[in-house]
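Examining the three-dimensional arrangement
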Amino acid sequence: MIGSVRAVAAVPLAETSGGCHLGNGCGFPAPGLQNFDFKPIFTVGSFDFTKPEFIAILCALGVIAFFGIAFRKPKRIPGVMQSLGEMAILQVRDQILRPSLGRRGDAYLPFLVSLFFYIFVCNLMELIPFFQFPSMSRIGFVWPLVFMVYFLYLYLGFKTQGGWGYFKNMIPSGVPWPILIILVPVEVLRFFVVQPFTLGVRLFANMFAGHLLLTIFMLATWYLMTWSYALLFSAGSALMVLFVFLLELLVDLLQAFIFTTLTATYIASSLDPAGH
Amino acid sequence: MSEHGKDAAKASKTVEAESRAQGLGIGWTVFSYMIAGMIAYGAIGWLIGRVVHVSLLFPIGMLAGIAISTGYVIYHYGRPGSVERNDR
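Residues numbered from 1 in each chain as written. Chains lettered and ligands numbered in written order. Predicted model: local features only at pLDDT ≥ 70, side-chain atom pairs only at ≥ 80, totals over all residues.

1. Here we look at the overall build of chain A
- Each helix and strand counted, chain A has nine helices and two strands in total.
- Along chain A, helices and strands appear, N-terminal first, in the series α-α-β-β-α-α-α-α-α-α-α.
- Along the first, second and third principal axes, the C-alpha set of chain A runs to 70 × 60 × 45 Å.
- The proportion of buried residues among the 276 residues of chain A is 33%.
- Here the contacts in chain A between residues at least 6 apart in sequence split such that 67% fall between residues at least 24 apart. (Helix = DSSP H or I, 4+ residues; strand = E, 2+ residues; numbered from the N terminus. Buried ≥ 20, exposed ≤ 12 C-beta atoms within 10 Å, placed from the backbone. Contact = placed C-beta atoms within 7 Å.)

Listed below in structure tokens is the structure:
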């Protein structure tokens, strides 16, 4: 089954639709899960190296290279790359880190900057020709980031509040004990399971849906492109491609922003038990 | 723009960013409470329902979980000034 899905996947758009046009007698080649599965570029033993992995590594190298070049030789009067790098870092600091953590959170700036730009560049890859795939639409690429954040805020919570204190602060104070018994399962499940789960699934689901939307309208444009009245619909679909493209540009940025902002908020809640 | 005007604009941007971060955090925390309440009491209802052979306890548990979460969210965030008090 997986083999057959792979056989369909990772081929250019025109081939996916099989040269299929309205009136040819073939139905609309609706996109689906097969568009998220790729033929391996190469295989080492049982490990398949695929396009999403290639994109994820390329994005990481891109972010490292950008900041490496920007701050290789920092000058008092910055050049173009250094100015861009400084602007990028200051935006993350002023819009994401400081509002949640204040000045005491500056130690986490490198982590949040890396997280934000890595997710943002990975998301942007869905809009760049040839790549045209967001790695984060495969949930396997999201979980490592979520686990990093999860273990970081758990570690910080235990470190700053102590084992018992961390659990105690999780439960609201001043609540009568019968209500506390009712609340404990909700609070424990929210903190240890639902919070990291929603953090990951939100990013994955947005990128998955965005890629699917773009693919649907791209395929529909191609499918309806015939010398008939359908050409009008094809033009409409092409307009939708443009609209979804611009929308995805916003979503890519917004999802990176939300993921990093919530990470900063979770770190803040571990460092400051008064918030509970 | 004067120096005073620049400071005021910067302060306003900071407040805006802080309230945005706070809103995001609270919004997703409330959502997490709703899901957690439904799962926790749905699971408890399902377990008790299996023991006493009353399958209706599963949906009842889920509804009770949502009700508990809603009540807690109102208690925690719904009162005037509670957002400032519970600011994370």
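2. Topic: the overall build of chain B
- The secondary structure content of chain B amounts to three helices and zero strands.
- In chain B, the order of α-helices and β-strands from amino to carboxyl end is α-α-α.
- By residue count, 25% of the 88 residues in chain B fall in the buried class.
- Taking as baseline every contact in chain B between residues at least 6 positions apart, the subset at least 24 positions apart corresponds to 49%.

3. Considerations on unusual backbone geometry
- Even without glycine at this site, Phe130 of chain A takes up a positive phi of about 80°.
- Judged by the 6 C-beta atoms lying within 10 Å of it, Phe130 of chain A is exposed.
- Of note in the backbone geometry, His53 of chain B takes a positive phi value of approximately 55° without being a glycine.
- Within the secondary structure, His53 of chain B is located in the loop between helix H1 (3-52) and helix H2 (57-78).

4. Comments concerning the environment of Phe36 of chain A
All names here are of chain A.
- With respect to the helices and strands, Phe36 occurs in the loop between helix H2 (13-16) and strand S1 (42-44).
- Distance in space between the C-alpha atoms of Phe36 and Gly174 is 50 Å, their sequence separation being 138 residues.
- Discounting chain neighbours no more than four positions away, the residues touching Phe36 are Ser137 and Arg138.

5. So, the interface of chain A and chain B
- On the chain B side, the residues contacting the 21 residues of chain A number 22 residues.
- Going through the elements one at a time, helix H4 (80-101), helix H8 (177-223) and helix H9 (230-271) of chain A are the ones with two or more residues in the side of chain A that touches chain B.
- Considering each element in turn, the side of chain A that touches chain B owes the most residues, nine residues, to H8 of chain A.
- Considered class by class, the residues forming the side of chain A that touches chain B number 11 nonpolar, eight polar and two charged. (Nonpolar A, V, L, I, M, F, W, Y, C, P; charged D, E, K, R; others polar.)

6. Let's talk about the nonpolar core
- Counting residues in each nonpolar core, the largest one holds 41 residues, and the members touching the most others are Leu112, Phe116, Ile119 and Cys122 of chain A.
- Elements that contribute at least two residues to this core include exactly helix H3 (51-70), H4, helix H5 (109-124), helix H6 (139-161), H8 and H9 of chain A.
- Counting residues per element, this core draws most heavily on H5 of chain A, which supplies 10 residues.
- Not counting chain neighbours up to four residues away, the residues in contact with Phe116 of chain A comprise Val92, Ile96, Ala256 and Thr260 of chain A.
- In terms of nonpolar packing, the next biggest core, distinct from the first, is built from 13 residues, Leu183 of chain A together with Tyr33, Ala40 and Met62 of chain B among them. (Core = buried A, V, L, I, M, F, W, Y, C linked by C-beta atoms within 7 Å.)

7. As for the environment of Val241 of chain A
Residues and elements named next belong to chain A.
- With respect to the helices and strands, the residue Val241 is situated in helix H9.
- Between the C-alpha atoms of Val241 and Leu101, which are 140 residues apart in sequence, the distance is 39 Å.
- Leave out the neighbours within four places in its chain, and Val241 touches Leu214, Phe217, Met218 and Thr221.

8. Regarding the packing of H4 of chain A against H5 of chain A
All names here are of chain A.
- The geometry of H4 relative to H5 is characterised by a closest axis approach of 10 Å and an angle of 100° between their N-to-C directions. Comparing their axes, H5 and H4 come out roughly perpendicular. Contact with H4, carried on its side by Ala88, Ile89, Val92, Arg93, Ile96 and Leu97, involves Leu109, Leu112, Val113, Phe116 and Phe117 of H5 and no other residues of that element.
- Taken together, the residues of the contact of H4 with H5 sort by class into 10 nonpolar, no polar and one charged. (Axes fitted to C-alpha atoms, helices over the stretch in contact; angles between N-to-C directions. Parallel < 35°, antiparallel > 145°, perpendicular 65-115°, else oblique.)

9. Topic: the confidence of the model for chain B
- The pLDDT averaged across chain B works out to 83; a share of 89% of its residues lies at or above 70.
- Here the complex is predicted with pTM 0.84, and the ipTM for its interfaces comes to 0.75. (pLDDT = per-residue confidence, 0-100.)

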